[in-house]
Amino acid sequence: MHLKSLTVKGFKSFASATTLRLEPGITCVVGPNGSGKSNVVDAIAWVLGEQGAKALRGGKMEDVIFAGTAGRAPLGRAEVTLTIDNGDGALPIDYTEVSITRRMFRSGESEYEINGSSCRLLDIQELLSDSGIGREMHIIVGQGRLDAMLHAKPEDRRAFIEEAAGVLKHRKRKEKAIRK
Ligand code: ATP
Ligand code: MG
């Protein structure tokens, strides 16, 4: 399983539809300051369901929609599609390629799709829950996160490791069951 492509349209600085093809292995995004490198990473977090404006480096959720430039009018919606190669069947779905789409309008509502069929964010979270990809997983490690990990208390650091090993969700389930 690997990320195959990312298409952004009306998301932050990407006014026109732009597709990045991702090959297996390491992908580097290079470019001058302010050219949109971090916006690419924000797009991945957003399509996976990120709900926090701050995590997306904005003040409010609407800030992800292309706000216009001197020569180009603002847009009414943002759309991102992340396509995952599922050739090895790592995702529990009968498709060798899985596309996840999120669309948001200025009214604030988001729509989600799996392979073009509308779904709930919960469906996407469930589909990805055992894959190591997800909004709350550490697939995106920002500069601050790296610092947090290095300076974490031992028990917090254990949570990072448990999450990477896939045990954290079982611990959470157990704690929830005990509380009931
Ligand atoms: P650096 O090398 O400094 O980290 P970067 O390549 O990561 O730069 P980004 O932070 O991805 O750059 O992009 C910042 C640019 O995105 C800014 O020019 C900002 O105006 C633009 N931008 C952010 N949100 C929007 C939006 N909603 N509409 C239009 N442009 C936006
Ligand atoms: Mg940046």
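Residues numbered from 1 in each chain as written. Chains lettered and ligands numbered in written order. Predicted model: local features only at pLDDT ≥ 70, side-chain atom pairs only at ≥ 80, totals over all residues.

- Named according to an unreviewed UniProt entry, the protein chain is Chromosome partition protein Smc originating from Actinoplanes digitatis.

## Brief notes about the UniProt feature "binding site: ATP" (unreviewed entry) in the protein chain
Then step 1. In this numbering, the UniProt entry assigns the feature "binding site: ATP" (unreviewed entry) to Pro32, Asn33, Gly34, Ser35, Gly36, Lys37, Ser38 and Asn39.
Then step 2. In this fold, Ser38 is placed in helix α1 (residues 37–47).
Then step 3. Here Asn39 shows up in helix α1.
Then step 4. A residue is classified by how many C-beta atoms lie within 10 Å of it, and Asn39, with 19 of them, is partly exposed.
Then step 5. Asn39 has contacts with Lys12, Ser13 and Phe14, leaving out every residue within four places of it along the chain. (UniProt positions renumbered as here; feature names shortened; annotations may be inferred. Helix = DSSP H or I, 4+ residues; strand = E, 2+ residues; numbered from the N terminus. Buried ≥ 20, exposed ≤ 12 C-beta atoms within 10 Å, placed from the backbone. Contact = placed C-beta atoms within 7 Å.)

## Points about the pairing of strand β3 (residues 77–85)
Along a regular strand, successive side chains alternate from one face of the sheet to the other.
Then step 1. Two strands pair when backbone bridges link them, and strand β1 (residues 2–9) and β3 are joined in this way by seven bridges, in the antiparallel orientation. Counted as the bridge partner of His2 is Asp85 from β3.
Then step 2. Here β3 pairs with strand β4 (residues 97–105) via nine bridges, running antiparallel. Paired with Ile84 across the bridge in β4 is Val98. (Pairing = 2+ DSSP bridges.)

## Digging into the site of ligand 1
Then step 1. Near ligand 1 you find 14 residues, and of these Asn33, Lys37, Ser38, Asn39 and Ala67 are the closest.
Then step 2. Grouping the constituent residues of the shell around ligand 1 by class yields three nonpolar, eight polar and three charged. (Near = placed C-beta within 6 Å. Nonpolar A, V, L, I, M, F, W, Y, C, P; charged D, E, K, R; others polar.)

## Quick look at the sheet that holds β3
Then step 1. Overall, antiparallel pairing links the six strands, which are arranged β2-β1-β3-β4-β5-β6 in an open sheet. Only two strands of the sheet have a single partner each, and these edge strands are β2 (18–21) and β6 (117–119). When the angles between neighbouring strand axes are averaged without regard to direction, this sheet yields 20°.
Then step 2. The pairing of β4 with strand β5 (residues 110–114) spans five bridges and is antiparallel. (Axes fitted to C-alpha atoms, helices over the stretch in contact; angles between N-to-C directions.)

## A word on the nonpolar core
Then step 1. The biggest cluster of nonpolar side chains holds 25 residues, and the ones touching the most others in it are Phe11, Ala43, Val47, Val64, Ala78 and Val80.
Then step 2. Sorting the residues of this core by element identifies β1, α1, β3, β4 and α2 (121–128) as the ones contributing at least two each.
Then step 3. Dropping the residues within four chain positions of it, Val64 is found in contact with Phe11, Lys12, Trp46, Leu56, Gly58, Ala78 and Met104. (Core = buried A, V, L, I, M, F, W, Y, C linked by C-beta atoms within 7 Å.)

## Overview of the domain arrangement of the protein chain
Then step 1. Domains assigned within the protein chain are domain 1 (2–134) and domain 2 (141–180).
Then step 2. Between domain 1 and domain 2, the C-alpha centre-to-centre distance is 25 Å. (Domains from an automatic or database assignment.)

## Focus on helix α5 (residues 168–179)
Then step 1. Here α5 spans 17 Å end to end across 12 residues, near enough to the 16 Å set by a 1.5 Å rise per residue.
Then step 2. Of all 12 residues making up α5, only zero are buried, and the element is barely covered by its neighbours. (Expected span 1.5 Å × (residues − 1).)

## Digging into the environment of Lys12
Then step 1. Of note, Lys12 is situated in the loop between β1 and β2.
Then step 2. Since 23 C-beta atoms lie within 10 Å of it, Lys12 is described here as buried.
Then step 3. It is 9.2 Å that separates the C-alpha atoms of Lys12 and Val40, two residues lying 28 residues apart in sequence.
Then step 4. Apart from the residues lying within four places of it in its own chain, the contact partners of Lys12 are Gly36, Asn39, Asp42, Val64 and Phe66.

## Some words on the confidence of the model for the protein chain
Then step 1. Per-chain confidence: the protein chain averages 90 in pLDDT, with 96% of residues scoring 70 or above.
Then step 2. Across the interface, the model reports ipTM at 0.98; the global pTM reads 0.85. (pLDDT = per-residue confidence, 0-100.)

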